[in-house]
Amino acid sequence: MNVAVPIPDVGPQLQVVVEEFILKSGSDDEEVRTAARNDLRDFIEREEIGITTLLVVVKYAHEVKNADLLDAFCERVANLIKDKKVVEVRQIFGIVNDFTPEEEQALRDEHPWAFED
């Protein structure tokens, strides 16, 4: 989809960047599309975009079926959790650990790689 639709709960600067990307990503010119992807990735890496906002844009990109937008924002989310401990990932996503100590230990025993320091 190459029509920009307002994204709820994002700031105006990010809204403009996403709108410009969507419009440029629909170009017939491969150079324009490539430049748009690079500009978007640069913006995402340069700006301090909170996890909540990142996930809002991921959902939006999925809903408007824009694979390049989805890929760029999912990549940023993946980079945020890359090489993080389970506890850190829980903190990033605001996940409450509802496992009992026994269940947690069973997971640690079954998947030790996920809990390596």
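It should be emphasised that the depicted structure is a prediction, and the values quoted were computed from it without experimental measurement.

Caption draft 1: Representation of the overall build of the chain. If you tally the helices and strands in the chain, you get six helices and zero strands. In sequence order, the chain lays out its α and β elements as α-α-α-α-α-α. Relative to the globule expectation of 13 Å for 117 residues, the C-alpha radius of gyration of the chain, 18 Å, shows a markedly less compact shape. Out of the 117 residues belonging to the chain, those deemed buried represent 26%. In the chain, 53% of the contacts between residues at least 6 apart in sequence involve partners at least 24 apart. Mean positive and mean negative side-chain charge positions of the chain (13 and 26 charges, respectively) differ by 2 Å.

Caption draft 2: Examining the side chain of Asn66 more closely. You can see Asn66 is positioned in the loop between helix H3 (51–63) and helix H4 (67–81). A distance of 3.3 Å separates the side chain of Asn66 from the backbone nitrogen of Asp68, its partner in a polar contact. Within the local environment of Asn66, its side chain forms a polar contact with the backbone nitrogen of Leu69, the two atoms lying 2.9 Å apart.

Caption draft 3: Representation of H3 within the structure. An ideal rise of 1.5 Å per residue puts 18 Å on 13 residues; H3 measures up with 18 Å between its terminal C-alpha atoms. Summarising the contacts, the buried residues of H3 are in contact with helix H1 (12–25), H4 and helix H5 (86–93). Directly after H3, the chain includes Lys65, whose backbone phi takes a positive value near 60°.

Caption draft 4: The arrangement of unusual backbone geometry in detail. Look at Lys65: it is not a glycine, yet its phi comes out positive at around 60°. Considering the arrangement of structural elements, one finds Lys65 in the loop between H3 and H4. On the accessibility criterion, Lys65 (68% relative accessible area) is exposed. Backbone geometry at Asp83 places phi at a positive 65°, although glycine is not the residue there. Here Asp83 lies in the loop between H4 and H5. A relative accessible area of 74% places Asp83 in the exposed class.

Caption draft 5: Examining the packing of H3 against H4 more closely. Running from amino to carboxyl end, H3 crosses H4 at an angle of 150°, the nearest separation of the two axes being 8 Å. Judged by the inter-axis angle, H3 sits roughly antiparallel to H4. When the axes of H3 and H4 are compared, the crossing they make is left-handed. Side by side, H3 and H4 meet where Ile51, Leu54, Leu55, Val57, Val58, Tyr60, Ala61 and His62 of the first sit next to Leu69, Leu70, Phe73, Cys74, Arg76, Val77 and Leu80 of the second. Per-class residue counts for the contact of H3 with H4 are 13 nonpolar, one polar and one charged.

Caption draft 6: Here's a closer look at a nonpolar patch on the surface. Among the surface-exposed residues, Leu55, Phe93 and Ile95 lie close enough to one another that they form a single nonpolar patch of about 240 Å² accessible area. By secondary structure assignment, the location of Ile95 is in the loop between H5 and helix H6 (101–110). Residue Ile95 is classed as partly exposed on the basis of its relative accessible area, which comes to 48%.

What counts and what doesn't
- Residues numbered from 1 in each chain as written.
- Predicted model: local features only at pLDDT ≥ 70, side-chain atom pairs only at ≥ 80, totals over all residues.
- Heavy atoms only, no water.
- Helix = DSSP H or I, 4+ residues; strand = E, 2+ residues; numbered from the N terminus.
- Rg over C-alpha atoms; globule rule 2.2 N^0.38 Å.
- Buried < 20%, exposed > 50% of the residue type's maximum accessible area, 1.4 Å probe, protein only.
- Contact = heavy atoms within 4.5 Å.
- Lys, Arg positive; Asp, Glu negative; His and termini not counted.
- Charge placed at Lys NZ, Arg CZ, Asp CG, Glu CD.
- Polar contact = N/O pair within 3.5 Å; in protein donor to acceptor, adjacent residues only side chain to side chain.
- Expected span 1.5 Å × (residues − 1).
- Axes fitted to C-alpha atoms, helices over the stretch in contact; angles between N-to-C directions.
- Parallel < 35°, antiparallel > 145°, perpendicular 65-115°, else oblique.
- Left-handed = near helix turned anticlockwise from the far one by under 90°.
- Nonpolar A, V, L, I, M, F, W, Y, C, P; charged D, E, K, R; others polar.
- Patch = residues over 30% accessible without salt bridge, like charges linked within 9 Å, V, L, I, M, F, W, Y side chains within 5 Å.
- Areas by Shrake-Rupley, 256 points an atom, 1.4 Å probe, with all protein chains shown as cover.
- Salt bridge = Lys/Arg side-chain N within 4 Å of Asp/Glu carboxyl O.

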